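Secondary and tertiary structure notes
Spelled out, the chains give:
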Amino acid sequence: MIPSLLRFSLFGLLLWAATALQAAQRLTRTELSMQQQGMVDVQTLDSTIRVSLMYSRPDNFMGRTLYEDLHRAFLHPRAARALVMAQRYLKEEHPEWSLIVMDACRPMHIQQMMWDKVKGTPVENYVSNPARGGGLHNYGMAVDITICTERGDTIEMGSLVDHMSALSHIDREAQLVQQKKMTARAAQNRQLLRRIMRKAGFKPLRSEWWHFNLIYREEAKRNYRWIR
Ligand SMILES: [Zn+2]
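Here the structure is a predicted model, which is why all the values come from computation and not from measurement.

Summing up its helical and strand segments, the chain has eight helices and seven strands in all. Taken across its 228 residues, the chain has 32% of its residues classed as buried. Considering only residue pairs separated by 6 or more positions, the chain has 71% of its internal contacts joining residues 24 or more positions apart.

Below, the discussion takes up the sheet that holds strand β6 (residues 203-205). Across the sheet, which stays open at both edges, the five strands sit in the order β2-β4-β5-β7-β6 with mixed pairing between neighbours. Where the open sheet ends on each side, the last strands, each with one partner, are β2 (50-51) and β6. Relative to strand β4 (residues 98-103), β2 runs parallel, the two being bridged by two bridges. Residue R50 lies in a different strand from β4, and its bridge partner there is I100. Strands β4 and β5 (142-148) of the sheet are contacted by helix α4 (residues 77-93), whose axis makes an angle of about 145° with β4. This element, helix α7 (residues 184-199), spans β5, β6 and β7 (208-213) of the sheet and lies at about 130° to β5.

Mapped onto the elements, T146 comes out in strand β5. When the C-alpha positions of T146 and R194 are compared, they lie 9.9 Å apart, and in sequence the two are 48 residues distant. With residues up to four places along the chain from it excluded, the contact list for T146 reads I100, M102, T154, M157, V161, L193 and W210.

Looking now at helix α5 (residues 108-118). Listed as buried for α5 are I110, Q111 and M114. Seen from one end, α5 has its buried residues packed into an arc of 105°, which puts them on one side. Opposite the buried face of α5, by more than 90 degrees, sit the exposed residues H109 and D116. Once α5 ends, the next one or two residues include G120, with phi positive near 80°.

Here we take up the environment of A80. Residue placement: A80 occurs in helix α4. On a C-alpha basis, the gap between A80 and L214 in space is 9.8 Å, while along the polypeptide they are 134 residues apart. With sequence-adjacent residues up to four places away left out, A80 is seen in contact with V40, V42, L45 and L75.

Our next topic: the pairing of β5. For β5, the buried fraction is high: six of the seven residues fall into the buried class. In the sheet, β4 pairs with β5 via five bridges, with the strands oriented antiparallel. When the sheet's bridge partners are listed, S98 is paired in β5 with C148. In this sheet, β7 lies alongside β5 in antiparallel orientation, the contact comprising three bridges. If you follow A142 over to β7, its bridge partner there is N213.

Next up on the list: the nonpolar core. Here is a general trend for soluble globular proteins: nonpolar side chains tend to be buried in one another's company. Ranked by size, the top nonpolar core spans 50 residues in total, and within it V42, L75, L83, A86, V101 and V143 carry the most contacts. Contributions of two or more residues to this core are made by β3 (74-75), α4, β4, α5, β5, α7 and β7. By residue number, the principal contributor to this core is α4, which donates six residues. Once you skip the residues sitting within four places of it in the chain, L83 turns out to touch V42, I49, L75, V143 and A200.

When you line up the elements, R195 lands in helix α7. For R195 and Y89, which are 106 residues apart along the polypeptide, the C-alpha to C-alpha distance reads 9.1 Å.

Its identity as a non-glycine residue notwithstanding, D162 has a phi of 75°, on the positive side. Tracing the backbone through its elements, the reader meets D162 in the loop between β5 and α6 (173-178). Looking at D162, the number of C-beta atoms within 10 Å reads 19, which means it is partly exposed.

Analysis parameters
Residues numbered from 1 in each chain as written. Predicted model: local features only at pLDDT ≥ 70, side-chain atom pairs only at ≥ 80, totals over all residues. Helix = DSSP H or I, 4+ residues; strand = E, 2+ residues; numbered from the N terminus. Buried ≥ 20, exposed ≤ 12 C-beta atoms within 10 Å, placed from the backbone. Contact = placed C-beta atoms within 7 Å. Pairing = 2+ DSSP bridges. Axes fitted to C-alpha atoms, helices over the stretch in contact; angles between N-to-C directions. Arc of directions from axis to C-beta. Core = buried A, V, L, I, M, F, W, Y, C linked by C-beta atoms within 7 Å.

Put into structure tokens, the structure is as follows:
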């Protein structure tokens, strides 16, 4: 009696676990489309990398949700593998911290929406123009990223991700600290992020401390397709 009951419970548990796993892996339409275009979900390569896509929420520079059904960070396999290395380098120095992805592969129609919002404004140069082939996010070759603690709180970086001003430029940090517009700790944290990302092969962007490209735009346009 007892063994059969146990067997039944075990079977039930396994069935429940399998169903839960299937549900967790079920991709939305956009996620499936990215996968079909050759992108990979970075968390399938390293589940310790955190993801919190800023365009899946309304509190971004656009003031509204752009990703209705995208919650996972998809990247080109080359960029995804490099990101796994960056996470490893971070954990060597700070085992309790993690990289947290704020944006990864971005479909070109979303890029168009962003461009339409900024074109002709003073912040136009922060967004790539789709008519000129977009930017590296559109190829899954760029990430917007910061660092968070074990609890998921982002560490101090001197300005928020997507804050479009000189406060986010990486070539003015010493000056900003001197002028007391940024703390020395924030500058150190930015340097840590750049160090591990560079070591993994990414290149920083002068105007956005959170943005990193794996390759140059010319290489992307020549060898890869942008994501629809
Ligand atoms: Zn970016």
